[in-house]
Amino acid sequence: MTEYKSKISAKILWAACGVCAGWFIANLIWKFTHSLVVSYASGFAVTLFMIFKVLYLDNISMTITNEKQLLIKRFSKIIKSININDYNWSEYSKYSNTKNEDDQDLYYVNKTTGEEDSIDASNFSSEDYQKLLEALGAKHQSEEPIKVVTIKKN
């Protein structure tokens, strides 16, 4: 059983970004409305939302059990259990063939219905993200690349 936890440094960084975003919004609203109450209330709301997102919504850990189950936990409570064998796993969306370098999402497609969903793993270290991809079968290191034979027209 392997457990992957989100990094505390990523949480601190994004919480600080939330405070900066709230300050920016407060100054922007002040510039247009000249109302101190409205500007501080909107800045405070943005800051609260960002801190809630970082410290609660994105505060997850993932455990891969010996029974091929992916358990997604928040504060040691299981919020989602996924049977790994029922899904095709990828680091790319099935709707896109490109990936941003900093994007750390785990995409999974149901083998029977074809529905796609994703898990945001941006708070994980890049090493843990790569290990998760390999454990889920999204990275196949031993496979040979497929060679396509083309016919040249003269």
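Computed from a prediction, not measured in an experiment: that's the story for all the values here.

Peer 1: So what's going on with the sheet that holds strand β4 (residues 77–83)? Residues and values would help.
Peer 2: Taken in spatial order, the four strands make up an open sheet running β1-β2-β3-β4, and their pairing is antiparallel. Every other strand in the sheet has two partners, leaving β1 (2–5) and β4 as the edge strands with one partner each. Shown here is a sheet whose adjacent strand axes are inclined to one another by a mean of 20°, direction ignored. As defined by bridge partners, β1 adjoins strand β2 (residues 61–64) across four bridges and the pair is classed as antiparallel. Bridge pairing in β2 places Glu3 opposite Thr63. The sheet strands contacting helix α3 (residues 126–136) are β1, β2 and β3 (69–74), and the helix crosses β1 at an angle near 140°.

Peer 1: Lay out the packing of aromatic side chains with the relevant residues and their values.
Peer 2: Tallying each qualifying case throughout the model produces five aromatic pairs. Between Tyr87 and Tyr108, the aromatic rings sit 5.1 Å apart at their centres with planes inclined by 90°, giving edge-to-face as the arrangement. Here Tyr87, found in strand β5 (residues 87–90), pairs with Tyr108, found in strand β6 (residues 105–110); they are 21 residues apart in sequence, far enough to count as distant. Among the aromatic residues, those joined into a cluster by ring pairs are Phe52, Tyr56 and Phe75. If you follow Arg74 out to its NZ or CZ, it ends over the ring of Tyr56, 4.8 Å from the centre.

Peer 1: An account of helix α2 (residues 36–57) is needed here, citing residue identities and associated values.
Peer 2: Between the first and last C-alpha of α2 there are 30 Å, a value that for 22 residues agrees with the 32 Å anticipated at 1.5 Å per step. Those residues of α2 lying buried are Ser39, Gly43, Thr47 and Val54. Along the axis of α2, the buried residues cluster in a sector spanning 55°; they form a single face. Exposed positions of α2 whose direction lies more than 90 degrees from the buried face are Val37 and Phe44.

The rules behind the values
- Residues numbered from 1 in each chain as written.
- Predicted model: local features only at pLDDT ≥ 70, side-chain atom pairs only at ≥ 80, totals over all residues.
- Heavy atoms only, no water.
- Pairing = 2+ DSSP bridges.
- Helix = DSSP H or I, 4+ residues; strand = E, 2+ residues; numbered from the N terminus.
- Axes fitted to C-alpha atoms, helices over the stretch in contact; angles between N-to-C directions.
- Contact = heavy atoms within 4.5 Å.
- Phe/Tyr/Trp six-rings, centres within 6.5 Å; stacked < 30°, edge-to-face > 60°.
- Lys NZ or Arg CZ within 6 Å of the ring centre and 35° of its normal.
- Expected span 1.5 Å × (residues − 1).
- Buried < 20%, exposed > 50% of the residue type's maximum accessible area, 1.4 Å probe, protein only.
- Arc of directions from axis to C-beta.

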